[in-house]
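# Overview (structure and organization)
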Amino acid sequence: MSDVRPAQAQQRAPSGRESQAHPAENLTLEETLRVMDVARELRDRRQTAEEMFRRDEVRQKLREKLMKTARLSGDNLTEAELDTAIQQYMDRLHTYQDPAPGMNSFLAHLWVRRHQVAWTLATIAAAAGGLWYWFG
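Only a predicted model underlies this, so the values are computations on that prediction, with no experimental measurement involved.

## Structural notes on the overall build of the protein
- Looking only at helices and strands, the protein features six helices and zero strands.
- Moving toward the C terminus, one meets the helices and strands of the protein in the order α-α-α-α-α-α.
- Relative to its full complement of 136 residues, the protein shows a buried share of 6%.
- Only carbon and sulfur atoms are counted for the fraction: they give 59% of the accessible area of the protein, which is about 13100 Å².

Structure below.
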């Protein structure tokens, strides 16, 4: 094995045969990783663009379905009204709204913090038991 570092290997002048080789054949590891990063980024952008096109397709299919439903039910809806309804639906599709306060919400919060509640109750029980033992 030679003791030549990758940077030094790049600086060497290519021989006659190597100079005719395609530049992509002699990529270093760093250059290869850089090319792979660019390829990944392009793939991600393509997938994002495809998702955007699918959203438009989903809106169009939803619009067609709603128009058929409106005709079957005898509703006189205009295309503008349907577009507005679809837009409002899509705008609220991924929004968060706090649950209404009540017993179910309280029990859900207790369940999420069950370990903390268990440790707190165990600590209180141990303290009460110790006080009862020492002073009871």
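## Observations regarding the packing of aromatic side chains
- Applying the stated rule across the entire model yields one aromatic pair.
- Look at Tyr 133 and Trp 134: their rings are 5.4 Å apart centre to centre, the planes differ by 80°, and that puts the pair in the edge-to-face class.
- Taking relative accessible area as the criterion, Trp 134 reaches 67% and is therefore assigned exposed.
- Arg 114 extends its terminal NZ or CZ atom over the ring of Trp 111, reaching a point 4.1 Å from the ring centre.

## Digging into the pattern of salt bridges
- Following the criterion strictly, the structure yields seven salt bridges and no others.
- A salt bridge links Arg 34 to Glu 30, with the shortest nitrogen-to-oxygen separation between them at 2.8 Å. A residue pair is termed a helical-turn pair when its members lie 3 or 4 positions apart in one helix, as Arg 34 and Glu 30 do in helix H3 (residues 29-73) at four residues.
- Since its relative accessible area comes to 56%, Glu 30 is described here as exposed.
- The residue Arg 63 makes a salt bridge to Asp 83 at a minimum N-O spacing of 2.8 Å.

## Digging into a nonpolar patch on the surface
- There is a patch of nonpolar side chains on the surface, built from Met 103, Phe 106, Leu 107, Leu 110, Val 117, Leu 121 and Ile 124 and spanning about 660 Å² of accessible area.
- Looking at the nonpolar patch, the elements with two or more residues in it are helix H5 (103-112) and helix H6 (114-135).
- A per-element tally of the nonpolar patch places H5 first, with four residues.
- When you line up the elements, Phe 106 lands in helix H5.

## Overview of the packing of H3 against helix H4 (residues 79-91)
- H4 packs onto H3 with a crossing angle of 130° between their chain directions and a minimal axis gap of 10 Å. In terms of orientation, H3 and H4 fall into the oblique class. Both H3 and H4 take part in a crossing whose hand is right-handed. Of the residues in H4, those in contact with Val 58, Arg 59, Leu 62, Arg 63, Leu 66 and Met 67 of H3 are Glu 79, Leu 82, Asp 83, Ile 86, Gln 87, Tyr 89 and Met 90.
- Split into classes, the residues belonging to the contact of H3 with H4 amount to eight nonpolar, one polar and four charged.

## So, the confidence of the model for the protein
- Put simply, the protein has an average pLDDT of 83, and 82% of its residues get 70 or more.
- Taking the mean pLDDT of every element in the protein, the minimum, 51, falls on helix H1 (residues 6-11) and the maximum, 97, on H6.

## Things to note about H6
- Compared with an ideal rise of 1.5 Å per residue, which puts 22 residues at 32 Å, H6 spans 31 Å between its outermost C-alpha atoms and is within 8% of the ideal.
- Little of H6 is tucked away: zero of the 22 residues are buried.

Reading the values: the criteria
Residues numbered from 1 in each chain as written. Predicted model: local features only at pLDDT ≥ 70, side-chain atom pairs only at ≥ 80, totals over all residues. Heavy atoms only, no water. Helix = DSSP H or I, 4+ residues; strand = E, 2+ residues; numbered from the N terminus. Buried < 20%, exposed > 50% of the residue type's maximum accessible area, 1.4 Å probe, protein only. Areas by Shrake-Rupley, 256 points an atom, 1.4 Å probe, with all protein chains shown as cover. Phe/Tyr/Trp six-rings, centres within 6.5 Å; stacked < 30°, edge-to-face > 60°. Lys NZ or Arg CZ within 6 Å of the ring centre and 35° of its normal. Salt bridge = Lys/Arg side-chain N within 4 Å of Asp/Glu carboxyl O. Patch = residues over 30% accessible without salt bridge, like charges linked within 9 Å, V, L, I, M, F, W, Y side chains within 5 Å. Axes fitted to C-alpha atoms, helices over the stretch in contact; angles between N-to-C directions. Parallel < 35°, antiparallel > 145°, perpendicular 65-115°, else oblique. Left-handed = near helix turned anticlockwise from the far one by under 90°. Contact = heavy atoms within 4.5 Å. Nonpolar A, V, L, I, M, F, W, Y, C, P; charged D, E, K, R; others polar. pLDDT = per-residue confidence, 0-100. Expected span 1.5 Å × (residues − 1).

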